[in-house]
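Here is how the chains run, residue by residue.
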Amino acid sequence: MNKIAAYFNFSELKTSMRTEVLAGLTTFVSMAYILFVNPSVLGASGMDKGAVFTATALASALGCLLMGLVAKYPIAIAPGLGVNAFFTYSVVIGMGIKWQTALAGVFVAAVIFILITIFKLREMIIDAIPRDMKLAISAGIGFFIAFIGLHGGGLIVANKSTVVGLGSLTVGTTWLTIFGLIVTLILMSRKVPGGIFIGMVLTSILGLATGLIKMPSTIVSAAPSLKPTFGVALSHIGDINSLQLIIVVLTFLLVTFFDTAGTLVGLAEQAGFMKNNKMPRVGKALMADSTSMLVGSVLGTSPTSAYVESSAGIAVGGRSGMSAVVTGALFILGLFFSPLLNVVTDQVTAPALIIVGVLMAESLKQISWERFEIAVPAFLTVIGMPLTYSISDGIALGFIAYVITMVATKHAKEVHPLMYVLFFIFIIFLWILNV
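Overview of the structure. Everything quoted here is computed from the prediction, not taken from an experiment.

1. Some points on a nonpolar patch on the surface
Residues Ile-219, Val-220, Ile-332, Leu-333, Phe-336, Phe-337 and Leu-340 make up a contiguous nonpolar surface patch of roughly 580 Å² in combined accessible area. Among the structural elements, Leu-340 can be located in helix α17 (residues 338–341). On the basis of relative accessible area, Leu-340 is assigned to the partly exposed category, the value being 36%.

Rendered as structure tokens:
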């Protein structure tokens, strides 16, 4: 135990094994939905859902273990939401490209990722982002995950007249969210250790007791076979032979790059890891992400990314890589206890995401709002993430506005050269997504 504590620097980070295990469990519970959502989304492309379930669990476990053991951050990795929808609905269904070829595109994008990570290009880009924009990214992610929680819990719903509106209070599951939110608010206000996780447990118990959450019929089940998807990406690399497919690969590259970069920066700000506007060991964190994306494509899943739900674990007190190791181990266990994961519904995780959104919004106070040229791009970044339902789209809007306002106010020399490069990349990126 002492060796583990020394390896993960528990004393320096002012944490403990109990706190890290609780944080890892909280993060896993908050993001376990991906085990079921990812097969559902990718299954619409024609992929075998059982194989995708297993590939999702294994790729997530690998990413978390690498992040924890090598980069030593309490940040979890799993197939990204949004990019999996792009894979299915834009590439396979929209463009008529076979899922096997699309999977090969993910593999090629992952190889490029690893190369630019080795040459520290990704690290250079993250370091080039100005502090105000990093703070805006952190707050924006907070608003984004709070919106995910509000929607998932039924408190905010789609509305044809007003785009979004208040959910129905006649729905039992919505009241389950309200109960969880009230309990968690009370626990957090009274500074009860593990308040977020305790709130999840109590909400789950109430859901099972009232029948709002279905009692699982079995506890243990065998992991589905990987055979339908394993190695398919490698055998179809030759299919990437047109401009359209090259654009698909580049889009996978851009979306995953900025989703992960933005999430890493936001979580690092939340946990207090940033030093002199730089994230220590960011190269190792990015390599963990790249490697899991590469292996995930071979197993049979869409690109992996750092997960914003890691903020739930950080809020509980997770500060070391041990937290991510615990999350990774639970993903492996999840392969065999999949029926139990159905107990953790959207209504159970919603209060945690809402509360974490509140905690991450704290970075707003450090942004230079008195400078209009900073306020505009910061605001667009923050508001853009929840309204476009995309971290990378929010970053794109903010970065484009940042260069325009800085040049317009004759502060062009304050802008890092890489930010000008990103300005044009994001314009092309948004054009590609829309065309």
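There is more to say after this.
2. With respect to the packing of aromatic side chains
The final tally for this structure, using the stated rule, is 11 aromatic pairs. On the basis of an interplanar angle of 75° and a centroid distance of 6.2 Å, the ring pair of Phe-147 and Tyr-389 is categorised as edge-to-face. Highlighted residues: Phe-147 in helix α9 (residues 131–152) and Tyr-389 in the loop between α19 (372–388) and α20 (391–408), separated in sequence by 242 residues. With relative accessibility at 45%, the residue Tyr-389 sits in the partly exposed group. For the pair Phe-423 and Phe-424, a centre-to-centre distance of 5.1 Å together with 80° between the ring planes defines the contact as edge-to-face. Put simply, the rings of Tyr-7, Phe-8 and Phe-10 pair up and form one aromatic cluster. The ring centre of Tyr-7 lies 4.0 Å from the NZ or CZ of Lys-72, which sits over that ring. Taking the ring centre of Tyr-73 as reference, the NZ or CZ of Arg-281 above it sits at 4.3 Å.

3. Some remarks on the pairing of strand β2 (residues 156–159)
Strand direction decides the pairing type here: β2 and strand β3 (residues 163–166), joined by four bridges, are antiparallel. Looking across to β3, one finds that Asn-159 is bridged to Val-163. Connecting the antiparallel pair β2 and β3 is a turn made up of three residues.

4. Points about the side chain of Thr-101
Examined against the element boundaries, Thr-101 turns out to sit in helix α7 (residues 99–118). The exposure class assigned to Thr-101 is buried, which follows from its relative accessible area of 6%. One polar contact links Thr-101 to Asp-239, side chain to side chain, over a distance of 3.1 Å. Residues contacting Thr-101, with those up to four places away along its chain left out, are His-236, Asp-239 and Leu-245.

5. Notes on helix α3 (residues 17–31)
Since the α-helix advances by 3.6 residues per turn, residues separated by three or four positions end up pointing in the same direction. Taking 1.5 Å of rise per residue, the 15 residues of α3 would be expected to cover 21 Å, and the 21 Å separating its terminal C-alpha atoms lies within 8% of that figure. Buried residues dominate α3, accounting for 12 of its 15 residues. All of the buried residues along α3 are Met-17, Thr-19, Glu-20, Leu-22, Ala-23, Gly-24, Thr-26, Thr-27, Phe-28, Val-29, Ser-30 and Met-31.

6. Remarks on the pattern of salt bridges
Scanning all chains against the criterion turns up four salt bridges. As a salt-bridge pair, Glu-362 and Lys-365 come within 3.4 Å of each other at their nearest N and O atoms. Classification of Glu-362 by relative accessible area gives partly exposed; the value is 49%. We note a salt bridge from Arg-371 to Glu-414, for which the minimum N-O separation is 3.4 Å. With Arg-371 in the loop between α18 (346–360) and α19 and Glu-414 in the loop between α20 and α21 (417–434), this pair connects stretches of sequence that are 43 residues apart. You can call Glu-414 partly exposed: its relative accessible area is 47%. Through salt bridges with shared partners, a single ionic network connects Arg-371, Glu-373 and Glu-414.

Reading the values: rules and limits
- Residues numbered from 1 in each chain as written.
- Predicted model: local features only at pLDDT ≥ 70, side-chain atom pairs only at ≥ 80, totals over all residues.
- Heavy atoms only, no water.
- Patch = residues over 30% accessible without salt bridge, like charges linked within 9 Å, V, L, I, M, F, W, Y side chains within 5 Å.
- Areas by Shrake-Rupley, 256 points an atom, 1.4 Å probe, with all protein chains shown as cover.
- Salt bridge = Lys/Arg side-chain N within 4 Å of Asp/Glu carboxyl O.
- Helix = DSSP H or I, 4+ residues; strand = E, 2+ residues; numbered from the N terminus.
- Buried < 20%, exposed > 50% of the residue type's maximum accessible area, 1.4 Å probe, protein only.
- Phe/Tyr/Trp six-rings, centres within 6.5 Å; stacked < 30°, edge-to-face > 60°.
- Lys NZ or Arg CZ within 6 Å of the ring centre and 35° of its normal.
- Pairing = 2+ DSSP bridges.
- Polar contact = N/O pair within 3.5 Å; in protein donor to acceptor, adjacent residues only side chain to side chain.
- Contact = heavy atoms within 4.5 Å.
- Expected span 1.5 Å × (residues − 1).

The values are spatial; any link to function lies outside them.
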